[in-house]
Amino acid sequence: RVVVVGSANTDLVCLLDRLPAPGETVLGGTFFEAPGGKGANQAVAAARLGAQVTFVARLGGDSYGDRALAGYQADGIDTRYIVRDPERPSGVALILVDSAGENSIAVASGANAALSPADIEAAEPAFAEANVVLMQLEIPLDTVAAAARLAKRQGRLVILNPAPSRELPEALLRDVDILTPNQTEAAQLFGALGEDDEAIAERLRTCPVPTVVLTRGRQGVLAVRPDWVQAIPAPEVSAVDTTAAGDAFNGALAACLSDGYGLCLAAERACAAGALAATRAGAQPSLPTLAELEAFLAR
């Protein structure tokens, strides 16, 4: 069982040959709309890989919220603790993706910004039944801290994906078991990382979180604990859209750890899920099912 606390957005995506420079207009793009938001993406990723997922979030009382909620329920996610906010719109992300799969994203948070510690306390029954609690940083920081405290009080494994990056209080980090930054986020949190794996590991060991899993795109991940470091490669794929690759990784990591996999094997499977997601356009539409992941690993 996995509880995901986080954001829910609708992604408005434009596919372009290249990303525009500041002040520039690039014509000829293809537009589509898809469900997204880091919290929702990770919840869907875990659910499609077989986890029993409860999602704690806020949606507006609008058509975007209606469609998002229906989508989560179609993926088998427990939506009892999703609050419909009568005053704020659902979150929206504006996403530009170039022909190499790189992206640029702007987010209007809407109801996500009102997800509160009170909403976390209301979801305590779900935390009590969970194996893993997974969070990100597209919601208020005090809400993330409240979720981490509750999960720790319940004795659950706490995973924090520190995205988008911001300064994090040490009290929050001490309630986290696994931190999953990408290279940019890690550099912002810990300073220059160095060049080789051992130098990076020494920098990451300054974090009070006992396990740091650094995601490095095509290079895979580097798992760091106080007494060891392990590099885990990623499968080689032709990327189409990397928008939700990190979310696929985090959702898969939570699903695998909740299912009893050890950290390295869970991270290996999560790397494969992230790579597979990068071969497809869109956020949630790109997230693989368990059958698709197993077939991909078999190849």
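This text goes with the structure placed above it.
Residues numbered from 1 in each chain as written. Predicted model: local features only at pLDDT ≥ 70, side-chain atom pairs only at ≥ 80, totals over all residues. Heavy atoms only, no water.

## Notes on the overall build of the chain
Here is step 1 of the chain: Along the chain, the regular secondary structure elements total eleven helices and 13 strands.
Here is step 2 of the chain: Taking 2.2 N^0.38 as the reference for a compact globule, 299 residues should give roughly 19 Å; the C-alpha atoms of the chain span a radius of gyration of 18 Å, in line with that estimate.
Here is step 3 of the chain: Each of the three principal axes of the chain carries a C-alpha extent, and together these read 50 × 45 × 40 Å.
Here is step 4 of the chain: Excluding contacts between residues fewer than 6 apart, the proportion of contacts in the chain whose partners are at least 24 apart in sequence is 66%.
Here is step 5 of the chain: When the accessible surface of the chain is split by element, carbon and sulfur atoms take 51% of a total near 12,400 Å².
Here is step 6 of the chain: Averaged over its 23 positive side-chain charges, the chain has a centre that lies 4 Å from the centre of its 36 negative ones. (Helix = DSSP H or I, 4+ residues; strand = E, 2+ residues; numbered from the N terminus. Rg over C-alpha atoms; globule rule 2.2 N^0.38 Å. Contact = heavy atoms within 4.5 Å. Areas by Shrake-Rupley, 256 points an atom, 1.4 Å probe, with all protein chains shown as cover. Lys, Arg positive; Asp, Glu negative; His and termini not counted. Charge placed at Lys NZ, Arg CZ, Asp CG, Glu CD.)

## Concerning the nonpolar core
Here is step 1 of the chain: Counting residues in hydrophobic clusters, the biggest one holds 52 residues, and the most contacted among them are Val53, Phe55, Tyr72, Ile77, Ile159 and Leu253.
Here is step 2 of the chain: Looking at this core, the element that brings in the most residues is helix H10 (residues 263–277), giving ten residues.
Here is step 3 of the chain: Counting 40 residues, the second largest nonpolar core, distinct from the first, contains Val3, Ile120, Ala123 and Ala201. (Core = buried A, V, L, I, M, F, W, Y, C linked by side-chain atoms within 4.5 Å. Buried < 20%, exposed > 50% of the residue type's maximum accessible area, 1.4 Å probe, protein only.)

Purely geometric numbers; function is a separate question.
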